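Each chain is listed here by its residues.
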Amino acid sequence: MLSRDLLRSDSENVREKIAARGADADLVDRWVELDRNRRQLLGDLEELKRRRNEASKRIGELKRKGEDTEDLIAEVADLKGRVTGFEAEVAAVDGALEETALSFPNIAHESVPAGVDEEANRVERVVGEPRQFSFESKAHWDLGPELGILDFERGAKVAGARFTAYFGAGARLERALINFMLDLHTSQHGYREVQPPFIVNTDALIGTGQLPKFGDDLFKLEGHEYYLIPTAEVPVTNLHRQEILDEDELPVKYVAYTPCFRAEAGSYGRDVRGLIRQHQFNKVELVHLTTPETSYQALEELTASAERVLQLLELPYRVVCLSTGDMGFGAAKTYDLEVWLPGQNAYREISSCSNCEAFQARRAGLRYRPKDGGKPRFLHSLNGSALAAGRTLVAVLENYQCEDGSVLIPEVLRPYFGGLEKITAAS
RNA sequence: GGAGGGGUGGCAGAGUGGUCGAAUGCACCGGUCUUGAAAACCGGCGACCCUUCACGGGGUCCGCGGGUUCGAAUCCCGCCCCCUCCGCCA
């Protein structure tokens, strides 16, 4: 949600910024019109209510004295009818206003490159060098089944397309990656680990911006107002929904491992092979809640924490600043981490780190009380994958493959493998 | 799932139809006193919306949503959450 003050005072600017992200700018005009309308109605309504309250109070006084109240009661009855009518009107306008407000994407930060899609993304830095293979490298969808650690057919058998079963060292590698990431962020980067529910309600999804617009991408539980989480961002960011935190408690930094579930409507035909685009995947997520003054510093910090995982795993990657047109709905600025995948001869997204500024905070009621005791202010919320475990497993398999089809286990993961150094078909 | 109890301000806790946005205590902030602190005393102390340059004014909120009434924290209906016991279960 955007700030009401901004929409009122600078609607031209908002029109422009929203159009830059491919949203319908006419909605801004609609919002402004509805808002003006609402305030007019509200003024009239409150005046009627004031008169009604006053009369009711006098009825009480008169009755205590045993005086006649017939006329006043008749007057209030008349006011009551008019109040009811106005209330219905205000409720209708409120509904429309809310619906419109929830449909606006966030406004991009000034440092974000303008553009309609990923073509306009800006590469911030490239870290590490793609490995030169002395043999023909394989993609993970060949390596995994050959090693017997990834089984796409059996995943499809028990669930369907885009579900995978991990066996043996594959399952252990996924688990090792998750534990390694959690341990790193909690012990080195100052995050508090949290295990949130993997199922959330409608309010939570509105809070972080998935609803009402993107319901098609979610798995909904039949017969319930429950959804499987598409990312830990949803339950974790909403943990403090409708709360007012003390500034002393900030920043709040959480790390959470969760599975993620995405219906991915509209993605058919893309990444049909392998683990890249699944209906279920594991992810370690970082979430910050912080003050507006510190949120961009926090974005750099959060991104650096995610990068640290790739650095320690010694995987080549680059950092990309997404363009205005390529960013997600709620983000003001997003860095994607793209890992090098030899099997595809390309950098592929493995993390997305965003500052949502107050966009989610306004929706979810995330506020803090400033140290000086002033009025509560909206927090800034940030989130980022650190990292998506499935895609990290892909990167490890493809980057650490050997000529004989085995896969070396990265140094930092070996403690999680009981010292094992290599994944072979037998493991 | 069944039975019972309960949801009131930051916390505790009164309040069962009108003068209740809500007693009281604690916490917190300011002041008096004090060399300083504590104690004592005095005062202040919720959120949101509309309006105002400002001072201020008005409206809404006692879990949520409806209803009864001139008037609801208080009465009625539905829902949610918490607690206790039973059942089931990892």
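Worth saying up front: this structure is predicted, and the values here are computed from it rather than measured.

Asks: Summarise the domain arrangement of chain A; cite the residues concerned and give the values.
Replies: Considered domain by domain, chain A is made up of domain 1 (4-101) and domain 2 (118-423). For domain 1 versus domain 2, the distance between C-alpha centres works out to 43 Å.

Asks: Which residues make up the protein's contact with RNA strand B, and what values do they have?
Replies: What surrounds RNA strand B is a group of 21 residues, the closest being Arg 4, Arg 8, Glu 46, Arg 64 and Val 76. Taking Arg 369, its side chain carries an N or O atom lying 3.1 Å from a phosphate oxygen of RNA strand B. If you list the elements that add at least two residues to the surface near RNA strand B, you get helix H1 (4-9), helix H3 (26-65), helix H4 (70-103) and strand S13 (366-369). A per-class count over the surface near RNA strand B returns four nonpolar, three polar and 14 charged.

Asks: Break down the pairing of strand S10 (residues 317-321) for me, citing the residues and quoting the values.
Replies: Among the five residues of S10, four are classified as buried, and the element is accordingly described as predominantly covered. Pairing geometry for strand S1 (residues 122-127) and S10, over five bridges, is antiparallel. Looking across to S10, one finds that Val 126 is bridged to Arg 318. Summarising the sheet, S10 and strand S11 (residues 333-341) pair through five bridges and their orientation is antiparallel. Within S11, the position partnered with Tyr 317 by the bridge is Val 339.

Asks: So, the sheet that holds strand S14 (residues 377-378): which residues are in play, and what are the values?
Replies: Read from one edge of the open sheet, three strands run S7-S13-S14, paired in mixed fashion. The open sheet is flanked by strand S7 (243-246) and S14, the only strands paired with a single partner.

Asks: How would you summarise the sheet that holds S1 if you had to cite specific residues and measurements?
Replies: Overall, mixed pairing links the eight strands, which are arranged S1-S10-S11-S12-S15-S9-S8-S4 in an open sheet. The open sheet is flanked by S1 and strand S4 (192-193), the only strands paired with a single partner. Where strand S8 (residues 252-261) meets strand S9 (residues 280-290), 10 bridges bridge the pair, whose relative direction is antiparallel. Residue pairing for S9: Lys 253 is matched across the bridge by His 288. Those strands touched by helix H10 (residues 295-312) are S1, S8, S9, S10, S11, strand S12 (346-355) and strand S15 (380-388), and its axis lies near 5° from that of S15. Those strands touched by helix H12 (residues 389-399) are S9, S11, S12 and S15, and its axis lies near 35° from that of S15.

Analysis parameters
- Residues numbered from 1 in each chain as written.
- Chains lettered and ligands numbered in written order.
- Predicted model: local features only at pLDDT ≥ 70, side-chain atom pairs only at ≥ 80, totals over all residues.
- Heavy atoms only, no water.
- Domains from an automatic or database assignment.
- Near = heavy atom within 4 Å.
- Polar contact = N/O pair within 3.5 Å; in protein donor to acceptor, adjacent residues only side chain to side chain.
- Helix = DSSP H or I, 4+ residues; strand = E, 2+ residues; numbered from the N terminus.
- Nonpolar A, V, L, I, M, F, W, Y, C, P; charged D, E, K, R; others polar.
- Buried < 20%, exposed > 50% of the residue type's maximum accessible area, 1.4 Å probe, protein only.
- Pairing = 2+ DSSP bridges.
- Contact = heavy atoms within 4.5 Å.
- Axes fitted to C-alpha atoms, helices over the stretch in contact; angles between N-to-C directions.

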